[in-house]
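Residues per chain are reported as follows:
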Amino acid sequence: MHLADSALPVGGFAFSNGLEAAVKCGLVASQVDLERYLESALRQWIAFEGPFLHLFYTHGSEEIFMRYDRMMLSPSMRKASFALGRGWNRVLKDLFPETDPQSFQTQLKDVGLGPHYLILMTATLKATGAEEDQIRALYLFTLLRDQCSAAVRLGLIGPSGAQALQSRLEKRLGSALEESVADVPQRFTPLMDLAQMLPPSLYTKLFQN
């Protein structure tokens, strides 16, 4: 519960995961659009980050790390991953110093990779004794929470409505996980991918991506 707290200073609230660009480009213009967008995002996370999280937890090889890095095509998302990874390590260093989070970041640096958030989160929590399902649930919960928070700051929905929306999507999360049969990471939301690549071209923005 501590790690899922919005007050944990990892830095997730500085990023919209492409939602801001989707709003400004007209892909998300209403609360109905927002719910559909977030449900698609949820399934995309399960299909892409989910298999990688499993591979990081069970193997954690250099080849898998490199594959994840190559499949992250958006410069904005890559930058966000590094920023969140560094933030996560700073926090975990104080909460679980016995895991030596910096050593995991050093391992990535030694093979020419930046501190990707998903890799570091999986490795450090595994070192604390967390189960794979617990890490996956925490990852998806915080992603969804941050997206709902971004929607509030973008004026798409109010705080109460955002909480209700998150609750509805959380209930669908279980069935989405059960339905997921992807053994290999895959991306199937091209419009979302485009939205995640657009932030650098926005004239004004609230978020870094």
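Look up: the structure comes first, before these words.
Every value quoted in this text rests on a predicted model; they were computed, and no experiment measured them. (Residues numbered from 1 in each chain as written. Predicted model: local features only at pLDDT ≥ 70, side-chain atom pairs only at ≥ 80, totals over all residues. Heavy atoms only, no water.)

### Section: helix α5 (residues 101-110)
Every buried residue of α5 is listed here: Pro101, Phe104, Gln105 and Leu108. Along the axis of α5, the buried positions cluster into a sector of 95 degrees, meaning they face one direction only. Residues Lys109 and Asp110 are exposed on α5 and point more than 90 degrees away from its buried face. Residues of α5 that are buried sit in contact with α3 (62-71), α4 (75-95) and α6 (117-127). (Buried < 20%, exposed > 50% of the residue type's maximum accessible area, 1.4 Å probe, protein only. Helix = DSSP H or I, 4+ residues; strand = E, 2+ residues; numbered from the N terminus. Arc of directions from axis to C-beta. Contact = heavy atoms within 4.5 Å.)

### Details of unusual backbone geometry
In this structure, Asn17 takes a positive phi of about 60 degrees despite not being glycine. Inspection of the secondary structure puts Asn17 in the segment before α1 (19-24). Residue Asn17 is classed as buried on the basis of its relative accessible area of 11%.

### Some words on the pattern of salt bridges
This model, assessed by the stated rule, comprises nine salt bridges. Of the charged contacts in the structure, one is a salt bridge between Arg168 and Glu35, with a shortest N-O distance of 2.9 Å. Of the two residues, Arg168 is situated in helix α8 (residues 159-179) and Glu35 in helix α2 (residues 31-58); the sequence distance between them amounts to 133 residues. We classify Arg168 as partly exposed; its relative accessible area is 37%. We classify Glu35 as buried; its relative accessible area is 16%. For Arg145, the salt bridge identified is with Asp146, shortest N-O distance 2.9 Å. On the accessibility criterion, Arg145 (15% relative accessible area) is buried. A cluster of three or more residues bridged by salt bridges with shared partners is formed by Glu35, Glu39, Arg168 and Arg172. (Salt bridge = Lys/Arg side-chain N within 4 Å of Asp/Glu carboxyl O.)

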